[in-house]
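A structural walkthrough
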Amino acid sequence: MKASNALFTPTALGALRLKHRVIMAPLTRSRSVQPDSVPGDLMREYYEQRASDGGLIITEATNISLTSRGWLGAPGLYSDTQVEGWKKVVGAVHAKGGLMVAQLWHSGRSSHTSMTGGATPVSASVDSKYWENPNHLVSIPGGWVQPSPHRALAVDEIAGIVEDYREAAEHAMSVGFDGVELHAANGYLVDQFLQDGSNKRTDEYGGSLENRTRMLSEIVRALISVWGADRVAVRIGPWGTWNGMSDSNPDALFAHVAKDLNEFGLAYLHLIEPRVSGSDDVQTAGGLAAERLRPLFKGKMIAAGGFEPDTAERVVSDGILDAVAFGRHFVSNPDLPKRVAEHLELTPYDRSTFYTFDEVGYTDYPVYAAVAAAV
Ligand SMILES: Cc1cc2nc3c(=O)[nH]c(=O)nc-3n(C[C@H](O)[C@H](O)[C@H](O)COP(=O)(O)O)c2cc1C
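A few points on the structure.

Cut-offs and rules
- Residues numbered from 1 in each chain as written.
- Predicted model: local features only at pLDDT ≥ 70, side-chain atom pairs only at ≥ 80, totals over all residues.
- Helix = DSSP H or I, 4+ residues; strand = E, 2+ residues; numbered from the N terminus.
- Rg over C-alpha atoms; globule rule 2.2 N^0.38 Å.
- Contact = placed C-beta atoms within 7 Å.
- Axes fitted to C-alpha atoms, helices over the stretch in contact; angles between N-to-C directions.
- Parallel < 35°, antiparallel > 145°, perpendicular 65-115°, else oblique.
- Left-handed = near helix turned anticlockwise from the far one by under 90°.
- Near = placed C-beta within 6 Å.
- Nonpolar A, V, L, I, M, F, W, Y, C, P; charged D, E, K, R; others polar.
- Expected span 1.5 Å × (residues − 1).
- Buried ≥ 20, exposed ≤ 12 C-beta atoms within 10 Å, placed from the backbone.
- Pairing = 2+ DSSP bridges.
- Right-handed = clockwise from strand over helix to strand, strands pointing away.

**Brief notes about the overall build of the protein**
- Helices and strands together make up the secondary structure of the protein, namely 13 helices and 16 strands.
- Here the protein has a C-alpha radius of gyration of 19 Å; the compact-globule value for 375 residues is 21 Å, and the two agree.
- Overall size of the protein, expressed as C-alpha extent along the three principal axes, is 60 × 45 × 40 Å.
- Sequence separation of at least 24 residues holds for 75% of the intrachain contacts in the protein that already meet a minimum separation of 6.

**As for the packing of helix 2 (residues 80-95) against helix 4 (residues 155-175)**
- Orientation of helix 2 relative to helix 4, taken along the N-to-C sense of each, is 50°, at an axis distance of 9 Å. Between helix 2 and helix 4, the angle is such that the two are oblique. In the crossing of helix 2 with helix 4, the sense of the turn from one axis to the other is right-handed. Listed contacts from helix 4 to V83, W86, K87 and V90 of helix 2 are H171, S174 and V175.

**A few points about the site of the ligand**
- The environment of the ligand is formed by 23 residues, the closest being A25, A61, S279, G327 and R328.
- Residue classes in the shell around the ligand are distributed as eleven nonpolar, nine polar and three charged.

**Brief notes about helix 4**
- Across its 21 residues, helix 4 extends 32 Å between first and last C-alpha, which sits within 8% of the 30 Å expected from 1.5 Å per residue.
- Listed as buried for helix 4 are I158, I161, D164, Y165, R166, A168, A169, H171, A172 and V175.
- Residues of helix 4 that are buried sit in contact with helix 2, strand 5 (99-105), strand 10 (179-184) and helix 7 (214-227).
- One or two residues past the end of helix 4 sits G176, with phi positive at roughly 105°.

**Notes on the pairing of strand 10**
- Among the six residues that make up strand 10, six are buried, leaving the element largely enclosed by the rest of the structure.
- Here strand 10 shows two buried faces, one formed by G179, E181 and H183 and the other by V180, L182 and A184.
- Two elements, strand 5 and strand 10, share four bridges in a ladder whose sense is parallel. When the sheet's bridge partners are listed, Q103 is paired in strand 10 with E181.

**As for the environment of T59**
- In this structure, T59 sits in strand 4 (residues 56-63).
- The residues touching T59, leaving out its near neighbours within four places in the chain, are P26, M100, A102 and Q103.

**Quick notes on the pairing of strand 4**
- A large share of strand 4 lies buried, amounting to eight of its eight residues.
- When strand 4 meets strand 5, the two strands line up parallel, connected through six bridges. Its bridge partner being in strand 5, L56 is matched across the sheet by L99.
- Handedness of the crossover is the feature at issue here: the chain leaves strand 4, passes through helix 2, returns alongside strand 5, and the resulting connection is right-handed.

So this is what it looks like as structure tokens:
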């Protein structure tokens, strides 16, 4: 690996010691074994293919409870069989010298009663426009449908959600993960509390910036109580509008969130650049979110969203980011760190198999040596 490439110098994200900075971003791929959302051999093979010595993999979003589910095929971390399934995945990644953190997920209103065991999906506030919008779809047994109507969480229910996160963090520890990342982006539960387009509450979880970040802080504290701050991370989607999100003053909100997280001493803060919305590229005004938040957050910062090998190297060598997470390129390039290091051609990804349920478009992308041999 070329020493001159800033992506291939070691760094520490809290207690996570990386030998290179090409991180695998969290990618929902819907291949856990149903009906119990257990990681099986196919998932083990997929992650093993993408593991590299000293490289960090962030798992696909992983549900903290049955009622937090919202996407058919997403794995969980709330049952013993899920823990046993994950042990095989993490064991395979560790055997290749890789690190792996679990991304913890509550879908909130982005769900359907067929995924939650019949429970009505929950959110910060009720917004019927969300479930009535035909563009908002969730994957359930039988296909894609509009979400079920949701209800607002009562104040005294929030401690139970925080407790679910804490228990999932304990499960992640018994699996042998290297840490946990809180999914606070992309219009799921924590994001629904952060942004005032979806949070109309008038209690201590709504209104002021402090109130809207309260749930985030409470969950982070719960995760830290299990793992210690240097193995806990948070992912946010600043200025993100995907999945029905909006905020009346996103500049103020995300500056507040970045500054507020300083008190914890997290392993890292993970951003999604708003130029990627869901799995689509979109035009945005202004510079990188990372550039805007870098002066405000004092710890290590990583980001994903539209990076190519050369632009990733530049943001790291310019000191804007400590590492870059790649999403879609990791789908189709199981040996992405090697390809980036050696400037090898990247295999294009096929969107049509992002969320299907078998090995096609999942474990059948070749490593570069096989691509080259086939030419
Ligand atoms: C198929 C697919 C699944 C994704 N699943 C997740 C997820 O589970 N959790 C998450 O935080 N982001 C998820 N994302 C967003 C990616 O982590 C990443 O931020 C996005 O793809 C932009 O990075 P890229 O331009 O390198 O692909 C997903 C994106 C794609 C394309």
